[in-house]
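Structure at a glance
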Amino acid sequence: MKISGEIKGGALFLSLSGELDHHGAKEVMASAAEIIDEHVPRNCVMDFKDVGFMDSSGIALILNVNKRLGNIGGRLRVENVARQPMKVIKASGIERIVSIKEQ
Amino acid sequence: MKTKDYIKVSFPSLSSNEGFARSCVACFAARLDPTLDELSDIKTAVSEAVTNCIVHAYPGEIGTIHMRCRIIDDKTIEVSLRDTGVGIEDVDKAREPLFTTGDPCERAGMGFSIMESFMGKVKVRSKPGKGTTVVMRKTLDGRK
């Protein structure tokens, strides 16, 4: 699992790629926090375009990033979510807390 | 109930084996000619069950996870995950959505809820100090 950060149009884009399971989430959790702390963004987008698989570890990652942004007055959007991760997101109910957009 | 077909695989509780376990079950399930959605559901549930073994059954140590898959009556896949780890004191509590004894930064407490909603039938047997067995079944409509 890989993560990279880039500023586009005033927002911080966190692009994830790979399989977001417990193993993958462990690999990117610390980097996500570091990138957010470095940029202190008002708006942040997690781009799920290249996330082919996700389990509930992805929910923990999204909630974690959302909390970190909340602490600095930032907002999170999750975009380009494919069918399988979307089903996990819907089962968890977090789309009531975080703005989620399907692919 | 005729068991036509089964596999047994044992592997160490390393997080790098989560992907292996779900791919392995997906390969086995392929002979039932599942739809892509059915296959995704099975992989998701297996990922949750295996992660539970890694995080909760064997905290701070590497134990063995025993996985068994079988096909029942040509249309139902059963996946069973057995560990000999710490076990669960209160299974009903563990199955509640959002309940976790894990690190809340890492775990959302959604594992059992997702297994239930993605597989249909989930049975949990556990004895503190002895280990836990999770048995999940999904009946596939297939692409007949």
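Going by the structure above, here's the rest.
What comes next concerns the included structure.

What counts and what doesn't
Residues numbered from 1 in each chain as written. Chains lettered and ligands numbered in written order. Predicted model: local features only at pLDDT ≥ 70, side-chain atom pairs only at ≥ 80, totals over all residues. Heavy atoms only, no water. Contact = heavy atoms within 4.5 Å. Salt bridge = Lys/Arg side-chain N within 4 Å of Asp/Glu carboxyl O. Polar contact = N/O pair within 3.5 Å; in protein donor to acceptor, adjacent residues only side chain to side chain. Helix = DSSP H or I, 4+ residues; strand = E, 2+ residues; numbered from the N terminus. Nonpolar A, V, L, I, M, F, W, Y, C, P; charged D, E, K, R; others polar. Axes fitted to C-alpha atoms, helices over the stretch in contact; angles between N-to-C directions. Left-handed = near helix turned anticlockwise from the far one by under 90°. Parallel < 35°, antiparallel > 145°, perpendicular 65-115°, else oblique. Buried < 20%, exposed > 50% of the residue type's maximum accessible area, 1.4 Å probe, protein only. Pairing = 2+ DSSP bridges. Right-handed = clockwise from strand over helix to strand, strands pointing away.

Accessible area lost when the parts come together is the quantity often used to give the size of an interface. Contact residues are listed per partner, giving 24 residues for chain B and 20 residues for chain A. The tally of links from chain B across to chain A stands at four salt bridges. Across the pair A:R83 and B:D37 runs a salt bridge whose closest N-O atoms are separated by 2.5 Å. Run the count over chain B and chain A and you get 13 residue pairs in polar contact (both at pLDDT 80 or more). Going through the elements one at a time, α1 (17–29), α2 (36–57) and α4 (111–119) of chain B are the ones with two or more residues in the side of chain B that touches chain A. If one sorts the elements of the side of chain B that touches chain A by residue count, α2(B) sits on top with ten residues. Within the side of chain B that touches chain A, the residues separate by chemical class into seven nonpolar, nine polar and eight charged.

Our next topic: the pattern of salt bridges. Under the criterion given, the structure shown has 15 salt bridges over all chains. Two residues, A:R77 and A:E79, come together in a salt bridge whose shortest N-O distance is 2.9 Å. Connected through shared salt-bridge partners, B:R68, B:R70, B:E78 and B:R137 make up one network.

One can describe the packing of helix α3 (residues 83–92) of chain A onto α4(B) by two numbers: an axis separation of 10 Å at closest approach and a directional angle of 115°. Read as a crossing pair, α3(A) and α4(B) show a hand that is right-handed. Residues A:K87, A:V88 and A:A91 of α3(A) form the contact with α4(B), whose participating residues are B:I114, B:S117 and B:F118. Of the residues assigned to the contact of α3(A) with α4(B), the class counts are four nonpolar, one polar and one charged.

With that settled, consider the packing of helix α1 (residues 22–39) of chain A against helix α2 (residues 56–71) of chain A. All names here are of chain A. Contact geometry for α1 and α2: axes closest at 10 Å, N-to-C directions at 10°. Taken together, the axis directions place α1 and α2 in an arrangement best described as roughly parallel. Of the residues in α2, those in contact with H22, A25, V28, M29, A32, A33, I36 and D37 of α1 are S57, L61, N64, V65, R68 and L69. Tallied by class, residues from the contact of α1 with α2 come to nine nonpolar, three polar and two charged.

Moving on, we get to α4(B). Residues and elements named next belong to chain B. For α4, a buried count of seven out of nine residues is recorded, marking the element as mostly surrounded by other parts of the structure. The complete set of buried residues in α4 reads G111, F112, S113, I114, M115, F118 and M119. Positioned one or two residues after α4, G120 has a phi angle of 105°, which is positive.

This next bit is on the pairing of strand β4 (residues 75–81) of chain A. Residue and element names in this part refer to chain A. Direction of pairing for strand β3 (residues 43–54) relative to β4: parallel, over a ladder of five bridges. Residue V45 lies in a different strand from β4, and its bridge partner there is R77. Once the chain exits β3 it traverses α2 before rejoining the sheet at β4, and the crossover so formed is right-handed. Relative to strand β5 (residues 99–102), β4 is paired through three bridges, and the arrangement is parallel.

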